[in-house]
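Here is what each chain is made of, one letter per residue.
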Amino acid sequence: MEWTFSADLPIYSQLVAQIKLAIVSGVYLPGERLAPVRELAMDAGVNPNTMQRALQELEREGMVYTQRTSGRFVTEDTKVIESAKKLLAEREIKSFLAQMTRLGYPKEEIVSLLKASIEEEKNNGDMGM
Amino acid sequence: MATWECKSLCKRYGKVQALDNVSFSIEPGRVVGLLGPNGSGKTTLIKLANGLLTPTGGELLINGQKPGKATRALVSYLPDRPCLPEWMSAEKLLNMFSDFYADFQQDKAREMLEKLGIDPKQKIKQMSKGTREKVQLILVMSRKAELYLLDEPIGGVDPATRDYILETIIRNYNPSASVVISTHLIADVEQVLDDVIFINHGQIVLKSSVDDIREQQGKSVDAYFREVFRC
């Protein structure tokens, strides 16, 4: 997995966000066993305590669970995953709208721009790009 | 019990006050960055912990003991400049470390030499500066110590090796051992640290967790350091 970190946020919360994204986008499948903390920490290049803290937070949110003897797993509850996905989507949309509003576009125009943009992408796709 | 504890520690070189009333403790299982500008007292602090210097005042304890023969078995120390016998090969050094330290894992050291492409038969004097630093670090990290004191471990090596060193620190992580890294290359080590200690003019300016700084200041430790120590 590719990990990237920005300078202005705590590392553990960025780990939470990136693992969550991996779960909702299906990189990690429901019920899949996660690698041990140390391996995940090495992969991300972060301190194992920080990775541990991130996983505990994900556990608190119900995205992952621990089985005493066999390790940590992604939740099998697809409802939890779906609602996390929806929450992320809503947040993206909110920030997109805020940006567009800052640029001075009224709501209706944002919708038509978005539609046009999607159309264009579709056409480009047809041309094999 | 704290792995490393300082109580009102002072060190004076003649008229120069190198450390002034320094108190802190480092718990087991922490990776701590000792950060400060040049001449702030980092190396003095680390040398005191190794018993290479004696305090002018105050107290320093490693696992509850004063630095000495017993603590040297617990502390694995990377000096700020390589000090390996020039005429020896890496191979011979591994044997020497096995003789000196009961906790030295020779197989691990060999594996790291191979990974970094260092010929065990090569003599230290034939090695480049960076390679010498790598050998020294391999020796230090191949011990199963309670406290690793790394004085500028990444200063002289290339970025790929830097990554490997940091990866090694993470791989080596042991909940009962602590690692202290003194450096001014903060951006490179920030992600592997639990806590940071800022030191300036021989005094502790700040001790905090990395994520607390990021949370409270909204910036990286590197950026915060630049702000605190602006020239």
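All figures in this text were calculated on a predicted structure; none of them were measured in a lab.

Visitor: So what about the overall build of chain A? Which residues, and what values?
Guide: Counting its secondary structure elements, chain A contains five helices and two strands. When the helices and strands of chain A are read in sequence order from the N terminus, they spell out α-α-α-β-β-α-α. Its C-alpha radius of gyration of 18 Å places chain A more than 25% over the 14 Å reference for a compact globule of 129 residues. Dimensions of chain A, computed from the C-alpha atoms along their principal axes, are close to 55 × 35 × 30 Å. Counting only residues that meet the buried cut, chain A has 29% of its 129 residues in that class. Here chain A displays about 8,500 Å² of accessible surface, and carbon together with sulfur accounts for 55% of that area.

Visitor: Tell me about the interface of chain A and chain B, residues and numbers included.
Guide: Contacts between chain A and chain B engage 20 residues on the former and 20 residues on the latter. Both faces combined, the contact of chain A with chain B buries some 1,600 Å², and carbon together with sulfur accounts for 49% of it. Where chain A touches chain B, the interface holds one salt bridge. Residue Arg53(A) pairs with Asp211(B) through a salt bridge whose shortest N-O separation is 4.0 Å. At the surface where chain A touches chain B, the tally comes to 14 residue pairs in polar contact (both at pLDDT 80 or more). Among the secondary structure elements, those contributing two or more residues to the side of chain A that touches chain B are α1 (11-24), α2 (37-44) and α3 (48-60) of chain A. Counted by class, the side of chain A that touches chain B contains eleven nonpolar, six polar and three charged residues.

Visitor: Any chance you could break down the nonpolar core for me, citing the residues and the numbers?
Guide: One broad rule of soluble globular proteins: the nonpolar side chains tend to lie buried together. Counting residues in hydrophobic clusters, the biggest one holds 74 residues, and the most contacted among them are Met51(A), Val135(B) and Leu150(B). No other element matches the eight residues that α1(A) contributes to this core. Look past the residues within four positions of Val135(B) in its chain and what remains in contact with it is Leu84(B), Leu93(B), Leu113(B), Ile118(B), Ile124(B) and Met127(B).

Visitor: How would you summarise the packing of α1(A) against α3(A) if you had to cite specific residues and measurements?
Guide: All names here are of chain A. It is the contact of α1 with α3, at a shortest axis distance of 8 Å, that shows an interaxial angle of 55 degrees. When the axis of α1 is compared with that of α3, the two are oblique. Between α1 and α3 the crossing geometry is right-handed. In contact with Ile11, Tyr12, Leu15, Val16, Ile19 and Lys20 of α1, α3 contributes Thr50, Met51, Arg53, Ala54, Leu55, Glu57 and Leu58. Taken together, the residues of the contact of α1 with α3 sort by class into nine nonpolar, one polar and three charged.

Visitor: An account of the pattern of salt bridges is requested, with residue identities and associated values reported.
Guide: Residue and element names in this part refer to chain A. Using the criterion set out here, one finds 20 salt bridges over all chains in the structure. Note that Lys20 is salt-bridged to Glu61, the shortest N-O span being 2.7 Å. In this pair, Lys20 is assigned in helix α1 and Glu61 in the loop between α3 and β1 (64-67), connecting sequence segments 41 residues apart. A relative accessible area of 15% places Lys20 in the buried class.

Visitor: Give me the lowdown on the packing of aromatic side chains, citing residues and values where you can.
Guide: Residues and elements named next belong to chain B. Counting across every chain of the model gives nine aromatic pairs over all chains. Aromatic side chains Trp4 and Phe24 sit 5.2 Å apart centroid to centroid with 75 degrees between the ring planes, which places their arrangement in the edge-to-face category. In this pair, Trp4 sits in strand β1 (residues 4-13) while Phe24 sits in strand β2 (residues 16-26), placing the two residues 20 residues apart along the sequence. For Phe24, a relative accessible area of 7% translates into the label buried. Note on Phe225 and Phe229: the rings are 4.4 Å apart at their centroids and 50 degrees apart in plane angle, and the pair reads as tilted. Side by side, Phe225 and Phe229 carry an identical accessibility label, which is buried.

Conventions and cut-offs
- Residues numbered from 1 in each chain as written.
- Chains lettered and ligands numbered in written order.
- Predicted model: local features only at pLDDT ≥ 70, side-chain atom pairs only at ≥ 80, totals over all residues.
- Heavy atoms only, no water.
- Helix = DSSP H or I, 4+ residues; strand = E, 2+ residues; numbered from the N terminus.
- Rg over C-alpha atoms; globule rule 2.2 N^0.38 Å.
- Buried < 20%, exposed > 50% of the residue type's maximum accessible area, 1.4 Å probe, protein only.
- Areas by Shrake-Rupley, 256 points an atom, 1.4 Å probe, with all protein chains shown as cover.
- Contact = heavy atoms within 4.5 Å.
- Buried area = accessible area lost by both parts, 1.4 Å probe.
- Salt bridge = Lys/Arg side-chain N within 4 Å of Asp/Glu carboxyl O.
- Polar contact = N/O pair within 3.5 Å; in protein donor to acceptor, adjacent residues only side chain to side chain.
- Nonpolar A, V, L, I, M, F, W, Y, C, P; charged D, E, K, R; others polar.
- Core = buried A, V, L, I, M, F, W, Y, C linked by side-chain atoms within 4.5 Å.
- Axes fitted to C-alpha atoms, helices over the stretch in contact; angles between N-to-C directions.
- Parallel < 35°, antiparallel > 145°, perpendicular 65-115°, else oblique.
- Left-handed = near helix turned anticlockwise from the far one by under 90°.
- Phe/Tyr/Trp six-rings, centres within 6.5 Å; stacked < 30°, edge-to-face > 60°.

No statement about biological role is implied by the geometric values presented.
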